[in-house]
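A closer look at the structure
Take a look at the letters that make up each chain.
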Amino acid sequence: GDSVTQMEGPVTLSEEAFLTINCTYTATGYPSLFWYVQYPGEGLQLLLKATKADDKGSNKGFEATYRKETTSFHLEKGSVQVSDSAVYFCALSKGGGFQKLVFGTGTRLLVSP
Amino acid sequence: NAGVTQTPKFQVLKTGQSMTLQCAQDMNHNSMYWYRQDPGMGLRLIYYSASEGTTDKGEVPNGYNVSRLNKREFSLRLESAAPSQTSVYFCASGTANTEAFFGQGTRLTVV
């Protein structure tokens, strides 16, 4: 079946460091790919998405490129802030709307001043 | 806008008790979803309703039932709670071409 694999956390960085969170997927066909973020005590919010190969999603300084050849959708940010501390989930969907999602296990990011 | 509202936010149940988790959205979305979130496992789909009047099983439906009461409301029922159902439950809604909008979650503990 379809699946998403994320790097283990937590990822601990100092403010202004470069961030990469790896995500790879297994799916037949052409899934849409997402990054969701969960701040402490809150529900998930969409951070960015890409719906076809080579698309780049971006939002709030975060970027991810849909790489079909490597089945990857790695999340990057050039300079993290303390306020970026959260859990980040990579996810895919195949038809049935953008809400029938298959999630990775999540990666906790901790940014210190 | 309230978005997706879940009640209650916290609940403790004894094994064998029943309860219903409520979810309502005010965005006129057709589709609604219930997920559970467990440590090290991400979120897993329990049940979903693609439109009013329809419901379908997701990845982990055993031990749960759902009701799509109307377009706004989608409830999740545990008939006989078990410790394995201790989790954080999230409701989400959307349309065919939009992102998922999530509620703030219900933290359920079954003792």
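See the structure printed just above.
Take the packing of aromatic side chains next. This model, assessed by the stated rule, comprises 13 aromatic pairs over all chains. Centroid distance Phe34(A) to Tyr36(A): 6.2 Å. Interplanar angle 40 degrees. Geometry classified as tilted. For Phe34(A), a relative accessible area of 0% corresponds to the buried category. Exposure remark for Tyr36(A): the relative accessible area of 0% places this residue in the buried category. Ring centres 5.7 Å apart and planes at 10 degrees place the aromatic pair Tyr33(B) and Tyr48(B) in the stacked group. In this pair, Tyr33(B) is assigned in strand S4 (residues 31–38) and Tyr48(B) in strand S5 (residues 42–49), connecting sequence segments 15 residues apart. Neither Tyr33(B) nor Tyr48(B) differs from the other in exposure class; each is buried. Here the aromatic residues Phe34(A), Tyr36(A), Phe89(A), Phe103(A), Tyr33(B), Tyr35(B), Tyr48(B), Phe90(B) and Phe102(B) are joined through ring pairs into a cluster of three or more.

All names here are of chain B. For the coordinates displayed, the defined rule picks out seven salt bridges over all chains. Close ionic contact of Arg36 with Asp38 constitutes a salt bridge, the shortest N to O distance being 2.8 Å. Here the two residues Arg36 and Asp38 agree in accessibility, since each one is buried. Two residues, Arg44 and Asp38, come together in a salt bridge whose shortest N-O distance is 2.8 Å. The two residues Arg44 and Asp38 agree in class, both being buried.

On to the environment of Ser79(A). All names here are of chain A. Structurally, Ser79 is set in the loop between strand S9 (75–77) and strand S10 (86–93). Accessibility expressed as a relative area gives 31% for Ser79, which makes it partly exposed. Ser79 sits 17 residues away from Phe62 along the chain, and the two C-alpha atoms are 9.3 Å apart. Residues in contact with Ser79, not counting those within four places in the same chain, are Glu16 and Ala17.

Criteria and cut-off values
Residue numbers here run from 1 along each chain, matching the order of that chain's written sequence. For naming, the first written chain is A and the first written ligand is 1, with later ones following in the order written. Only residues with pLDDT of at least 70 are given local features in this predicted model, and only at 80 or more are side-chain atom pairs given and counted; all residues enter the totals for whole chains, interfaces and linings. Hydrogens and waters are ignored; side-chain quantities use all the structure's heavy atoms. Any pair of Phe, Tyr and Trp rings, taking the six-membered ring for Trp, is counted once the centres come within 6.5 Å. Such a pair is stacked with planes under 30 degrees apart, edge-to-face with planes over 60 apart, and tilted for the rest. Each residue is placed in one exposure class: buried if its accessible area under a 1.4 Å probe, protein chains only, is under 20% of its type's maximum, exposed if it is over 50%, and partly exposed if it falls in between. Numbering of helices and strands runs from the N terminus; a helix is a DSSP stretch of H or I covering at least four residues, while a strand is a stretch of E covering at least two. Should a side-chain nitrogen of Lys or Arg be within 4 Å of a carboxyl oxygen of Asp or Glu, the pair is scored as a salt bridge. Whether two residues are in contact is decided by their heavy atoms: any pair within 4.5 Å suffices.

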